[in-house]
Amino acid sequence: MSILNCVDREIGRYGNEVTITQQGVSVNTRAFLEPLRYRNKIYIGGEYHQLGFLRKEKYLYVGKSAHRLTENETVIEMQGNQYIVKRCETYYVKDTPIYEWAILVPYGEEREDDYDTDP
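None of these values were measured; they are calculated from a predicted model.

Asker: So what's going on with the pairing of strand β5 (residues 81-93)? Which residues, and what values?
Answerer: Sheet analysis places strand β4 (residues 75-78) next to β5, joined by four bridges and oriented antiparallel. Paired with valine 75 across the bridge in β5 is isoleucine 84. Where β4 folds back onto β5 in an antiparallel hairpin, the turn is made up of two residues, including glutamine 79, whose phi is positive at roughly 50°. Alignment of β5 against strand β6 (residues 96-106), held across 10 bridges, turns out to be antiparallel. Considered in β6, the bridge of cysteine 88 is made with alanine 102. Between the antiparallel neighbours β5 and β6 lie two residues, among them lysine 94 with a positive phi of about 50°.

Asker: Explain the sheet that holds strand β3 (residues 59-64) to me, and be specific about the residues and the numbers.
Answerer: Strand order in the closed barrel formed by six strands is β1-β2-β3-β6-β5-β4, with antiparallel pairing between adjacent strands. The mean inter-strand angle of the sheet, taken between neighbouring strand axes irrespective of direction, is 45°. Relative to strand β2 (residues 25-35), strand β1 (residues 16-22) runs antiparallel, the two sharing seven bridges. Bridged to glutamine 22 within β2 is valine 25. Sheet strands touched by helix α1 (residues 3-14): β1, β2, β3, β5 and β6. Its angle to β6, the strand with the most contacts, is close to 35°.

Asker: Outline the packing of aromatic side chains, supporting the account with residue identities and numerical values.
Answerer: Per the stated rule, a full pass over the model turns up two aromatic pairs. An angle of 20° between the planes, with centres 4.9 Å apart, marks the rings of tyrosine 91 and tyrosine 99 as stacked.

Asker: Describe the environment of valine 62, listing the residues and the values that go with them.
Answerer: For valine 62, the position within the fold is in strand β3. Residue valine 62 is classed as buried on the basis of its relative accessible area of 19%. Spatially, the C-alpha atom of valine 62 lies 9.9 Å from that of glutamate 89, the residues being 27 residues apart in sequence. In contact with valine 62, not counting residues within four places along its chain, are Ile11, Ala31, Phe32, Tyr99 and Glu100.

Asker: A description of the nonpolar core should follow, citing residues and the corresponding values.
Answerer: Considering soluble globular proteins, one finds that nonpolar side chains tend to be buried as a cluster. One finds Leu33, Tyr61, Leu69, Ile76, Val85, Ala102 and Leu104 to be the most contacted residues of the largest nonpolar core, which totals 14 residues. Of all elements in the fold, only β1, β2, β3, β4, β5 and β6 reach the threshold of two or more residues within this core. By residue number, the principal contributor to this core is β5, which donates three residues. Filtering out sequence-adjacent residues up to four positions away, valine 85 remains in contact with Leu69, Thr70, Glu71, Asn72, Glu73, Thr74, Ile76, Ala102, Ile103 and Leu104.

Rules used throughout
Residues numbered from 1 in each chain as written. Predicted model: local features only at pLDDT ≥ 70, side-chain atom pairs only at ≥ 80, totals over all residues. Heavy atoms only, no water. Pairing = 2+ DSSP bridges. Helix = DSSP H or I, 4+ residues; strand = E, 2+ residues; numbered from the N terminus. Axes fitted to C-alpha atoms, helices over the stretch in contact; angles between N-to-C directions. Contact = heavy atoms within 4.5 Å. Phe/Tyr/Trp six-rings, centres within 6.5 Å; stacked < 30°, edge-to-face > 60°. Buried < 20%, exposed > 50% of the residue type's maximum accessible area, 1.4 Å probe, protein only. Core = buried A, V, L, I, M, F, W, Y, C linked by side-chain atoms within 4.5 Å.

Structural data, given as structure tokens:
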């Protein structure tokens, strides 16, 4: 069994049900989607802050390589919550795409890093 088949099987077995929407086309699949913990935020441009002052939560997505994602365009829905892809990459082994990796933020809210506050 190839590594791609193993990864796809495990994502299918243990992943959450998600809907991926891009360019008006929606696909139901399974993927891992979880909040990035406080200690990980420093590595993706997050900043330490006191609780309750600034919402900058980010989420980690790992899904099947068959469903390619596009930054600032792809919307992922899980359990009634929507997220937009802010950064994504495809993980390869020997030139074979194995899985999609992405950083997501809640979709539909005005985010601190999405606009410039200077006049």
